[in-house]
Amino acid sequence: SQQGEEDPQALSIQEGENATMNCSYKTSINNLQWYRQNSGRGLVHLILIRSNEREKHSGRLRVTLDTSKKSSSLLITASRAADTASYFCSENAGNMLTFGGGTRLMVKP
Amino acid sequence: DVKVTQSSRYLVKRTGEKVFLECVQDMDHENMFWYRQDPGLGLRLIYFSYDVKMKEKGDIPEGYSVSREKKERFSLILESASTNQTSMYLCATGLAGGYQETQYFGPGTRLLVL
């Protein structure tokens, strides 16, 4: 299976700023999911957007999906130091998920 | 809440040793997965199982085997550990279905093979 790619690989911002991470994928998806991973821990599911949706919100998270460009973005608004983590997109094209390499986000207090 | 536990957080083994990593879930999920995570490579699927005694190879099954004798338990076995198997190993579970929904991850096992 082919992995998608997150961009940027690393992002450093100040607390209160917005963070935008992008993901490109390769297959025709059923849905696309975003996960978060704190250092040395497992992944935690954040949000899922289906292939027929264009935008989805959950708290301070906003996800967009452009199936024509095979891309998605994750926006975290009003970032906090506790948002410091790695963020992964995952494309679902069947009965498995394929994960990208992740974006390492650092939010400085 | 779904709870996925892994038998060890950290493990140090020697080359050639047989290594067992165990994953246990308490949510009656049909699907269970083993990934390894390496810097710059993201998560790569090793094996998955969609039912007791059933298994499917993922992207990188070489050097690994798995066992699922009970629904709640999925074991990853390194028959003869090698240094290139030093990695973070993550177990995940999910509901059955044609289209995979959310996966729930364990805390991970960081394995060092000397």
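What you see is a predicted model, and the numbers here were worked out from it, not measured in a lab.

**Quick word on the packing of aromatic side chains**
Step number 1: In the structure shown here, the tally under the stated rule is eight aromatic pairs over all chains.
Step number 2: When the ring of Tyr35 of chain A is compared with that of Phe105 of chain B, the centres are 5.8 Å apart and the planes differ by 80 degrees; the resulting orientation is edge-to-face. Here Tyr35 of chain A is found in strand 4 (residues 31–37), whereas its partner Phe105 of chain B is found in strand 10 (residues 104–105) on a different chain. Accessibility classification places Tyr35 of chain A together with Phe105 of chain B in one group, the buried group.
Step number 3: Given a relative accessible area of 11%, Phe105 of chain B falls into the buried group.
Step number 4: Site record: aromatic cluster; members linked through ring pairs are Tyr35 and Phe99 of chain A together with Phe33, Tyr35, Phe48 and Phe105 of chain B.

**Points about the confidence of the model for chain B**
The predicted coordinates of low-pLDDT regions are not to be read in fine detail.
Step number 1: Here chain B shows a mean pLDDT of 92. Residues at 70 or above account for 95%.
Step number 2: Confidence scores differ between elements of chain B, with strand 5 (residues 42–51) of chain B showing the lowest mean pLDDT of 92 and strand 8 (residues 73–78) of chain B the highest of 98.

The rules behind these values
- Residues numbered from 1 in each chain as written.
- Chains lettered and ligands numbered in written order.
- Predicted model: local features only at pLDDT ≥ 70, side-chain atom pairs only at ≥ 80, totals over all residues.
- Heavy atoms only, no water.
- Phe/Tyr/Trp six-rings, centres within 6.5 Å; stacked < 30°, edge-to-face > 60°.
- Helix = DSSP H or I, 4+ residues; strand = E, 2+ residues; numbered from the N terminus.
- Buried < 20%, exposed > 50% of the residue type's maximum accessible area, 1.4 Å probe, protein only.
- pLDDT = per-residue confidence, 0-100.

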